[in-house]
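Here is what each chain is made of, one letter per residue.
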Amino acid sequence: MEGRAFVILLVVASLTALAENTDHKNAIEIYSLHVDSTVTSRFAHTVVTSRLVNKVNESQEAVFEVELPKTAFITNFSMSIDGETYPGTIKEKASAQEQYDIAVSRGQSAGLVKTTGRKLEQFHVSVNVASDSKVTFELIYEELLKRQLGKYELLFKVRPKQLVKHFQIDVHIFEPQGINFLETDSTFMTNELTEALTKLQNETKAHILFKPTIVQQKKSPELEETLLDGDFIIRYDVKRGVSAGDIQIVNGYFVHYFAPTEMPTFPKNVIFVVDQSGSMSGRKIEQTRGALLKILEDLRPEDHFSLITFNSLVTEWKNTLLQATGQNVESAKRYVKTVMARGGTDINNALLTAANTLDKANYAEILQAHSISMIILLTDGQPTVGVQDVEIIQQNIQKAIKEKYVLYCLGFGFDVSYKFLEKMALDSGGIARRIYEDSDSDLQLQGFYQEVATPILKDIEIQYPENSILELTQNSFKLFFDGSEIVVAGRIDNELDVLPVEIQAQSQTSNLIFKEEANVREKEKVFQHQKYIFGNFIERLWAYLTIQQLLEKSISAQEEQQKNLQVARALELSMKYSFVTPLTSMVVTKPDDQQKLHLANKPTESDNEKSRFTGFSGNKLSKSHITKALSYGRHHDQSMLRSDGYFDVSLDRDYVQRAPKTGQRAILFDMTEHSPDIFRTVQTTPQLLTNEYPHFLFQLPRQNDVICLNIDGQPQAYINLISDPDKGISVTGKLGRNRNHFVLFEITNLDPQVQLRVSKEGAVLSYGGHTTKLSWTKSASSTIQGLKIAVEKERSLTMTASDNITIKIAFVRSSNRFLGLYFMDTDHFSDKASGLLGQFYFDTHLESNPGASQGEDERVLSVHGQKHRVARRNKKDYRQESATGTISCWSLHITP
């Protein structure tokens, strides 16, 4: 695999313990920081211990942070203060959240401890430490290392931010199969630090110790600054051959590893389905083009391939699959170089086209008999054109693919629904992966392709004695890729002396059968050296794997009852084995003068797309203020109005911008992807909270970014929304009496000369001296010289001109009925468009905002050179029929 990009699993412990006080440099001294990791047969058990002391004559806040892999489960956390230990307890998530809410309602300093990074999760906890007092933090987490591209990897992110007297990373590895190779690497290593690293290795064991002295940690002799800021990496692989794999047994549980090598690769039939909508403009589309050019070069001559790009329309490079000859690859590369970003996002039609192309190729017998067919989708946004209901799209794709092909879904950035992509992929036996917007996005794309580029087995069935193996994890697999590994675990009947296994699979050349027998007693003797194992590690490995697979199955479960049973079993195991999973939380409480409660949750990948909570706690506001606040902000049954005039309320941050009274302080629990801060105090302003529905939602031309616009206008006044003389169309609107929403729109079209007046009562169409009334109570349509007008009963009115300008007005039947205007495609207006909305349809783009508030996702919207500050918010989407439908958009407030 030389010359190919590697994306390798990271097992990470980022070590940070610092004093959040600028008056005293290193007032909190970390005098000991240890990472002890034991890896036994791929299962890693890591303990991070930090010991601190407050050296000054006043209380200080000590902060403990550890970054751990997203696939790891926290199993324990405790803090010891002056010899007294406060342990964490694992609870069902709902119960833990209730305890947290009660703590908030009582005015306690309560904090959520959850956040995610690109490949990591950050555990963050803080505590006040009295003068001369000591505190010890200890965090334990476990993970099954996943083999990718022929390697396992442990990466410890080291960031103590000060010199540490006793610092060490101590790693013991025991692999009964034998260690094939082992290497260490670091981003901060110097010649002096290299002397602090020792590495011992024999056939099956390895010991890596990194223990730098204070002198070795210093950047220079005269500076009290540390060199330890970066990654410390261990990579290794085990010995294996063409066999039924390796079985290991401890205390009645077994784990079976299977990773054959040196087998021929199946030819692939791969269709790349690439989003080229407007939101992909700029660096995204450039990186996508670059990655595709490299991926095309990596196709094997026996592979067949095609390219489909999509925005509002679906475009096929060829209407069939072609063999990856040098000539065809060069032709595809020329096509890739021409791909530009503009328009909307029609995911449904694009994927159906890909499935249909594979169907036609199979019918025409273009493809090889023993080959693997796959679709690789890359998109960065929600469906905005064609079928937009994600559940219907999932059903359509599942029906079209019918397990014939594998679908891999890559979500570019955070505007895409990861749950939507994940379910589509899992339904076909594929996987979903997020591609992070960064300088190496192209390498992420290439790296993913490398993982699925070399299928060497398909239809793998691993069979064990039916009556002697209990609670078996997944034992059938659709595909196996070179450089990966299949892992199966289960419980053995006590009376079994020999565990036989038979593996049936198809290779590119033949049907294969592997057989193996494991002597239970002999296998158990392998792990008698207690130094290298931790408790019943295979039982814990089995529980870890079972929970992960149950949660994955629940995503693609077809029936609600089946899903509930899977979730219930996963919760039961999470509680039994003390794992912090998406179903459980860890609660840590330190009793003192003012109780402080910490809640550690396990975020999922889709949680990155959700806004977290803004909590306003213990503020002296009048009940009328609170009532008004709650009428604007959607709360989560976490509000309490206290008899003393204070209030405790958590409002969804997407619906809250400002608190209703000057000078009030709030605690912001910031769980965003881009900020490591868990707690932040903010000063509020006297402006009111935003409405749940914006006045307007519109998409920027040739971009997928959606703007949610609210305006300060006079009630009952007409506002010029858009006027485009080149297209011969204009739209005006009138705000209702309370200025919350629009109640009337007038559309004037010059060719043909038609005027359409739309109100909450219905529509009046005027043409050639005649008028036609259209009611919301029934569906109707009319066509005038190519101009189409259609009413969908009690839902919407659509007007489509011959040059593809489509205007839609939603009839929103909320508590206050109103009209919502939007344009289906904004790319067709000319640069002469003007008006409140028209100004946004040319020479408008989003820019980064260097002065963004900490923890806020903010940008600058440039409109003809005029700068507007916008922030990412969730708003109710009046374009959707559901009253609960929301959209992530850039929020803007202007005065016409």
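Below or above, wherever it landed, is the structure these notes cover.

The rules behind the values
- Residues numbered from 1 in each chain as written.
- Predicted model: local features only at pLDDT ≥ 70, side-chain atom pairs only at ≥ 80, totals over all residues.
- Heavy atoms only, no water.
- Helix = DSSP H or I, 4+ residues; strand = E, 2+ residues; numbered from the N terminus.
- Buried < 20%, exposed > 50% of the residue type's maximum accessible area, 1.4 Å probe, protein only.
- Contact = heavy atoms within 4.5 Å.
- Salt bridge = Lys/Arg side-chain N within 4 Å of Asp/Glu carboxyl O.
- Phe/Tyr/Trp six-rings, centres within 6.5 Å; stacked < 30°, edge-to-face > 60°.
- Expected span 1.5 Å × (residues − 1).
- Arc of directions from axis to C-beta.
- Polar contact = N/O pair within 3.5 Å; in protein donor to acceptor, adjacent residues only side chain to side chain.
- Core = buried A, V, L, I, M, F, W, Y, C linked by side-chain atoms within 4.5 Å.
- Disulfide = S-S within 2.5 Å.

**Some words on the environment of Leu-407**
Right, on to step 1. Looking at where Leu-407 falls in the secondary structure, it is placed in strand 24 (residues 406-412).
Right, on to step 2. Classification of Leu-407 by relative accessible area gives buried; the value is 0%.
Right, on to step 3. The spacing of Leu-407 and Ala-355 is 52 residues in sequence and 9.7 Å in space, taken between C-alpha atoms.
Right, on to step 4. Setting aside residues up to four positions removed in sequence, Leu-407 forms contacts with Leu-351, Ile-375, Leu-377, Ile-397, Ile-401, Met-424, Ala-425, Ser-428, Gly-430 and Ile-431.

**Side note on the pattern of salt bridges**
Right, on to step 1. Summed over the entire model, instances satisfying the criterion amount to 37 salt bridges.
Right, on to step 2. Between Asp-726 and Lys-832 there is a salt bridge, with its nearest N and O atoms 3.7 Å apart. Separated by 106 residues along the polypeptide, Asp-726 in the loop between strand 41 (718-724) and strand 42 (729-735) and Lys-832 in the loop between strand 51 (818-823) and strand 52 (844-848) bring together distant segments of the chain.
Right, on to step 3. Relative accessible area serves as the criterion here: at 48%, Asp-726 is assigned to the partly exposed category.
Right, on to step 4. Take Lys-832: its relative accessible area is 47%, and that puts it in the partly exposed class.
Right, on to step 5. Through salt bridges with shared partners, a single network forms among Arg-42, Arg-147, Glu-175, Asp-237, Arg-240 and Glu-485.

**Structural notes on the side chain of Gln-566**
Right, on to step 1. Note on placement: Gln-566 falls in helix 12 (residues 560-576).
Right, on to step 2. Taking the relative accessible area as the measure of exposure, Gln-566 reaches 11% and is therefore buried.

**As for the packing of aromatic side chains**
Ring pairs (aromatic) are described by centroid distance and by the angle formed between their planes.
Right, on to step 1. Considering all chains together, one arrives at 32 aromatic pairs under this definition.
Right, on to step 2. Consider the rings of Tyr-408 and Phe-448, whose centres lie 5.7 Å apart with planes at 70°: the pair is edge-to-face. A residue pair is termed long-range when its members are at least 10 positions apart, and Tyr-408 in strand 24 and Phe-448 in helix 9 (residues 441-452) qualify at 40 residues. Here Tyr-408 and Phe-448 have matching classes, each one buried.
Right, on to step 3. On the basis of an interplanar angle of 45° and a centroid distance of 4.8 Å, the ring pair of Phe-696 and Phe-742 is categorised as tilted. Residue Phe-696 is found in strand 39 (residues 696-699), and its partner Phe-742 is found in strand 43 (residues 742-749); the two are separated by 46 residues along the sequence. Like Phe-742, Phe-696 is buried.
Right, on to step 4. Taken together, the ring pairs in this structure connect Phe-698, Phe-823, Phe-829, Phe-840 and Tyr-841 into an aromatic cluster.

**Things to note about helix 7 (residues 390-401)**
Right, on to step 1. Taking 1.5 Å per residue as the helical rise, helix 7 with its twelve residues ought to reach 16 Å, and the 16 Å between its terminal C-alpha atoms agrees with that figure.
Right, on to step 2. When we look at burial in helix 7, the residues that qualify are Ile-393, Gln-394, Ile-397, Ala-400 and Ile-401. Summarising the axial view, the buried residues of helix 7 lie within an arc of 135°, below the 170-degree limit, and thus occupy one face. Exposed residues on helix 7 whose side chains face more than 90 degrees from its buried face are Glu-391, Gln-395 and Lys-399.
Right, on to step 3. At the N-terminal boundary of helix 7, the capping side chain belongs to Asp-389, with an oxygen 2.9 Å from the backbone nitrogen of Glu-391.
Right, on to step 4. Phi turns positive one or two residues past the end of helix 7, at Lys-402, with a value near 50°.

**Regarding the nonpolar core**
Right, on to step 1. Counting 60 residues, the largest nonpolar core has Phe-696, Leu-709, Leu-721 and Leu-821 as its most contacted members.
Right, on to step 2. Excluding its chain neighbours within four sequence positions, the residues that come into contact with Phe-696 are Ile-707, Cys-708, Leu-709, Leu-721, Phe-742, Phe-745, Leu-821, Leu-836, Leu-837 and Tyr-878.
Right, on to step 3. If you look at the next biggest cluster of nonpolar residues, it comprises 54 residues, including Val-39, Phe-64, Ile-74 and Phe-167.

**Let's talk about unusual backbone geometry**
Right, on to step 1. For the bond from Asp-751 to Pro-752, the omega torsion is 0°, close enough to zero to count as cis.
Right, on to step 2. Mapping Pro-752 onto the fold places it in the loop between strand 43 and strand 44 (754-759).
Right, on to step 3. Positive phi values are uncommon outside glycine, yet Asp-132 reaches one of about 65°.
Right, on to step 4. Mapped onto the elements, Asp-132 comes out in the loop between strand 9 (120-129) and strand 10 (134-144).
Right, on to step 5. Asp-132 gets classed as exposed once you look at its relative accessible area, which sits at 58%.
Right, on to step 6. Unusually for a residue other than glycine, Glu-403 sits at a positive phi of about 65°.

**Some remarks on the state of the cysteines**
Right, on to step 1. Within this structure, the stated rule accounts for one disulfide.
Right, on to step 2. The disulfide that involves Cys-708 links it to Cys-889, with 2.4 Å between the sulfurs. One quick way to see it: the torsion about the S-S bond of Cys-708 and Cys-889 is about 90°, and its sign makes the bridge right-handed. Placement of the pair is Cys-708 in strand 40 (residues 706-711) and Cys-889 in strand 55 (residues 886-894), with a sequence separation of 181 residues. For the pair shown, Cys-708 and Cys-889 are each scored as buried.

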